Amino acid sequence: SIIVLPNAGPKKFTDVTGTASLSYSWTDDVMTYLKFSKGYASGGFNLRSPSAATFQTGYDAETVYTYEFGWKTTWLDRKLLINGALFYNDYKDLQVTVLDPATTRNNLVNAAKAKIKGAELEVQIRPTANLELGGGWGYLDTKYNEYIDPVTKQDLSKINKFAQAPKHTVN
């Protein structure tokens, strides 16, 4: 897409994204897979920018490369299901919302390069025809490799943490 706004000039955002995956069924009850994806979030302009200069600069597109290995299994005549996955996400130009201290307004910027790796496990058991129990566990390891503060231009990757990204989740 091409965005043209008064006093901002054109910005062009194009990218090709997609997913490729391979899966193999070892038996009727055990399947493994590998998956690669490329994701893209378009850049743009902050319509509520704290200043005209910030508005005119805008922000660039965000790209993520995702790698995943997983398995899906059933056991005990399909009464027990155990699925899992290991994944790794590599972000470039991560779009983050930062507070402009001069105006106390939020601004969307490309501040970061980041990596997220983790694991997921899901278990379901059906002890009777009328009862099914299930649960899951997730693990996240999030890290900013670079986080440039748009005001000070300092790299804050060592002190910034991902919001709403708990290390462990259970359900």
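Definitions and cut-offs
Residues numbered from 1 in each chain as written. Predicted model: local features only at pLDDT ≥ 70, side-chain atom pairs only at ≥ 80, totals over all residues. Heavy atoms only, no water. Helix = DSSP H or I, 4+ residues; strand = E, 2+ residues; numbered from the N terminus. Buried < 20%, exposed > 50% of the residue type's maximum accessible area, 1.4 Å probe, protein only. Contact = heavy atoms within 4.5 Å. Polar contact = N/O pair within 3.5 Å; in protein donor to acceptor, adjacent residues only side chain to side chain. Pairing = 2+ DSSP bridges. Axes fitted to C-alpha atoms, helices over the stretch in contact; angles between N-to-C directions. Phe/Tyr/Trp six-rings, centres within 6.5 Å; stacked < 30°, edge-to-face > 60°.

Q: I'm lost on unusual backbone geometry in this one. Help?
A: What is expected of a backbone is that most residues other than glycine have negative phi and most peptide bonds are trans. Phi at Arg78 is positive, roughly 65°, even though this residue is not glycine. Mapped onto the secondary structure, Arg78 falls in the loop between strand S5 (62-75) and strand S6 (80-100). You will see that Gln164, though not glycine, has its phi angle at about 55°, which is positive. Inspection of the secondary structure assignment puts Gln164 in the loop between strand S8 (131-147) and strand S9 (168-170). Classification of Gln164 by relative accessible area gives exposed; the value is 83%.

Q: Would you explain the environment of Leu99 in this entry?
A: On the secondary structure map, Leu99 appears in strand S6. With a relative accessible area of 53%, Leu99 lands in the exposed category. Sequence separation between Leu99 and Thr169 is 70 residues, and the spatial gap between their C-alpha atoms is 28 Å. Once residues within four sequence positions are removed from consideration, Leu99 is found in contact with Thr104, Arg105 and Asn106.

Q: Which parts of the structure should I look at to understand the side chain of Asn83?
A: You can see Asn83 is positioned in strand S6. Here the side chain of Asn83 touches Thr73 through a polar contact of 3.2 Å, landing on its backbone nitrogen.

Q: Would you mind showing me how to read the sheet that holds S5 here?
A: By definition, the strands of a sheet pair up through backbone hydrogen bonds, in either a parallel or an antiparallel sense. Read across the open sheet, the 7 strands follow the order S3-S4-S5-S6-S7-S8-S9; overall the sheet is antiparallel. The strands lining the two open edges of the sheet, one partner per strand, are strand S3 (18-25) and S9. Ignoring strand direction, the axes of neighbouring strands in this sheet form an average angle of 15°. For S6 and strand S7 (residues 105-128), the ladder comprises 19 bridges, and the chain directions are antiparallel. What sits directly across from Tyr88, in S7, is Lys117.

Q: Sorry, what's going on with the packing of aromatic side chains here?
A: Aromatic rings in a pair are described by how distant their centres are and how their planes are angled relative to each other. Per the counting criterion, the structure on display carries 8 aromatic pairs. Geometrically, the ring pair formed by Phe69 and Trp71 is tilted, given 5.9 Å between the ring centres and 45° between the ring planes. Since its relative accessible area comes to 35%, Phe69 is described here as partly exposed. For Trp71, a relative accessible area of 25% translates into the label partly exposed. Between Trp137 and Tyr139, the aromatic rings sit 6.4 Å apart at their centres with planes inclined by 20°, giving stacked as the arrangement. Classification of Trp137 as partly exposed rests on a relative accessible area of 36%. Under the relative-accessibility criterion, Tyr139 is labelled partly exposed at 27%. Counting every residue linked through ring pairs, the aromatic cluster contains Phe36, Tyr65, Tyr67 and Tyr88.

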